[in-house]
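Chain and residue survey
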Amino acid sequence: MQVDPIHQFQIHDMVPLINLGGRQIAFTNSALFMMIIVVGVSALMIGASAPRAVVPGRLQSIAELSYEFVANTVRSSAGTEGMKFFPFVFTLFMFVLFANLIGLIPYSFTVTSQIIITAALALTVFLIVVVYGFWRNGLHFLNLFVPKGVPKVILPAIVIIEVLSFVSRPVSHSVRLFANMLAGHITLQVFAGFIIMLAGAGILGWFGAVLPFAMVVALTALELLVAFLQAYVFAILTCIYLNDAIHPGH
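1. With respect to the packing of helix α1 (residues 29–49) against helix α3 (residues 86–102)
Contact geometry of α1 with α3 gives a least axis separation of 9 Å together with a crossing angle of 115°. Handedness of the crossing formed by α1 with α3: right-handed. Judged by residue contacts, Phe33, Met34, Ile36, Ile37, Gly40, Val41, Leu44 and Met45 of α1 engage Phe90, Met94, Phe95, Phe98, Ala99 and Ile102 from α3. Per-class residue counts for the contact of α1 with α3 are 13 nonpolar, 1 polar and no charged.

Listed below in structure tokens is the structure:
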């Protein structure tokens, strides 16, 4: 049996929608899972908080802890003024977290393993930072590229480095999430494939499958941690970038 770890990341057309300029636009498995993620997050936050119990149940506790966790992250990274962006950051965090967790379910689809999805999220953050930065600070937003206290001799080089670093933010922001989810799921798929192949080799194969099975269990636990960490990293980097738009001075 051949192990194909890339097959799990393929996008398939499910329902043809329209033909635009000779190109078929269709409803894909990626779109389906994004809808599932939105429904899941909405069901958790609306359904769990609807009772408003004084003594919260499990779901209400999860919803409240998620809310407080992201709120504290925004306050600590972007200040009190950054709380105006809390709905945006919270939406990003919950979307990425649910996408990562759902992707761990066998035969599901990992939305965040698609670079087009993570790039779209990162570009949205980048555009909001640029637009809000100029809207709030005017041309003073350009102070972001001019660190204070730098000698004038090397200032042009520093400005170029700062500009390149700023422009490259969407790349690092998106690739970090995409690469971590892609690599983790490929590793899981490879070891799971080893279990199937060895198990089909008879009794000796069953004994040989113990090691890859243990690796799959360990990697699944690690991927659960990575799923949360990557959602947190994506959210906190968003807060740091938004803080630059609010306070562009170094």
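2. Here's the deal with the packing of aromatic side chains
For any pair of aromatic rings, the description consists of the separation of the ring centres together with the inter-plane angle of the planes. Applying the stated rule across the entire model yields 15 aromatic pairs. Ring geometry for tyrosine 67 versus phenylalanine 86: centroids 4.8 Å apart, planes at 65°, classification edge-to-face. Within this pair, whereas tyrosine 67 is found in helix α2 (residues 58–78), its partner phenylalanine 86 is found in helix α3, the two being separated by 19 residues in sequence. Owing to a relative accessible area of 8%, phenylalanine 86 belongs among the buried residues under this scheme. Aromatic pair phenylalanine 69 and phenylalanine 93: ring centres 5.7 Å apart, planes at 45°, arrangement tilted.

3. As for the pattern of salt bridges
According to the stated counting rule, one finds 2 salt bridges in the structure shown. Ionic pairing is found between arginine 136 and glutamate 81, a salt bridge with its closest N-O pair at 2.6 Å. Within this pair, whereas arginine 136 is found in helix α4 (residues 115–137), its partner glutamate 81 is found in the loop between α2 and α3, the two being separated by 55 residues in sequence. Its salt-bridge partner being aspartate 244, residue arginine 169 comes within 2.6 Å of it at the nearest N-O pair. A residue pair is termed long-range when its members are at least 10 positions apart, and arginine 169 in helix α6 (residues 169–199) and aspartate 244 in helix α8 (residues 210–246) qualify at 75 residues. Taken as a pair, arginine 169 and aspartate 244 share a single burial class, namely buried.

4. Some remarks on empty space enclosed by the protein
By the definition in use, this model includes 1 cavity of 30 Å³ or more. The space that makes up the largest cavity amounts to roughly 50 Å³. As for the largest cavity, its lining consists of Ala122, Val125, Phe126, Val129, Phe166, Arg169, Pro170, His173 and Tyr241. Mapped by element, the contributors of at least two residues to the lining of the largest cavity are α4 and α6.

5. Quick notes on unusual backbone geometry
The backbone of tyrosine 107 shows a phi angle near 65°, a positive value even though the residue is not glycine. Within the secondary structure layout, tyrosine 107 lies in the loop between α3 and α4.

6. Considering the pairing of strand β1 (residues 13–20)
Little of β1 is tucked away, with 0 of its 8 residues classed as buried. Taken together, the 6 bridges between β1 and strand β2 (residues 23–28) define a ladder with antiparallel strand orientation. Within the sheet, the bridge partner assigned to valine 15 lies in β2 and is phenylalanine 27. Counting the residues that bridge the hairpin from β1 to β2 gives 2 residues, and of these glycine 21 lies at a positive phi of roughly 60°.

7. Quick word on a nonpolar patch on the surface
Taken together, the side chains of Met14, Val15, Leu17, Ile18, Leu20 and Ile25 present a nonpolar region at the surface, about 560 Å² in accessible area. Per element, the largest residue contribution to the nonpolar patch is 5 residues, and it comes from β1. When you line up the elements, leucine 20 lands in strand β1. On the basis of relative accessible area, leucine 20 is assigned to the exposed category, the value being 58%.

8. Thoughts on the side chain of serine 108
Looking at where serine 108 falls in the secondary structure, it is placed in the loop between α3 and α4. Separated by 2.7 Å, the side chain of serine 108 and the backbone oxygen of isoleucine 102 make a polar contact. At a separation of 2.5 Å, a polar atom in the side chain of serine 108 contacts the main-chain carbonyl oxygen of isoleucine 105. Those residues within four positions of serine 108 in sequence are excluded, and the remaining contacts are Phe33, Ile102 and Gly103.

9. Here we look at α1
Over its 21 residues, α1 runs 30 Å from end to end, which matches the ideal 30 Å to within 8%, given 1.5 Å per residue. For α1, the full list of buried residues reads Asn29, Ser30, Phe33, Ile37, Val41, Leu44, Met45 and Ala48. Residues of α1 that are buried sit in contact with β1, β2, α2, α3 and α4.

Rules of the game
Residues numbered from 1 in each chain as written. Predicted model: local features only at pLDDT ≥ 70, side-chain atom pairs only at ≥ 80, totals over all residues. Heavy atoms only, no water. Axes fitted to C-alpha atoms, helices over the stretch in contact; angles between N-to-C directions. Helix = DSSP H or I, 4+ residues; strand = E, 2+ residues; numbered from the N terminus. Left-handed = near helix turned anticlockwise from the far one by under 90°. Contact = heavy atoms within 4.5 Å. Nonpolar A, V, L, I, M, F, W, Y, C, P; charged D, E, K, R; others polar. Phe/Tyr/Trp six-rings, centres within 6.5 Å; stacked < 30°, edge-to-face > 60°. Buried < 20%, exposed > 50% of the residue type's maximum accessible area, 1.4 Å probe, protein only. Salt bridge = Lys/Arg side-chain N within 4 Å of Asp/Glu carboxyl O. 1 Å grid on protein atoms, 1.4 Å probe; cavity = no way out; pocket = protein on both sides within 12 Å on 5 of 7 lines; lining within 4 Å. Points joined across faces, edges and corners; volume = space filled by probe spheres on them. Pairing = 2+ DSSP bridges. Patch = residues over 30% accessible without salt bridge, like charges linked within 9 Å, V, L, I, M, F, W, Y side chains within 5 Å. Areas by Shrake-Rupley, 256 points an atom, 1.4 Å probe, with all protein chains shown as cover. Polar contact = N/O pair within 3.5 Å; in protein donor to acceptor, adjacent residues only side chain to side chain. Expected span 1.5 Å × (residues − 1).

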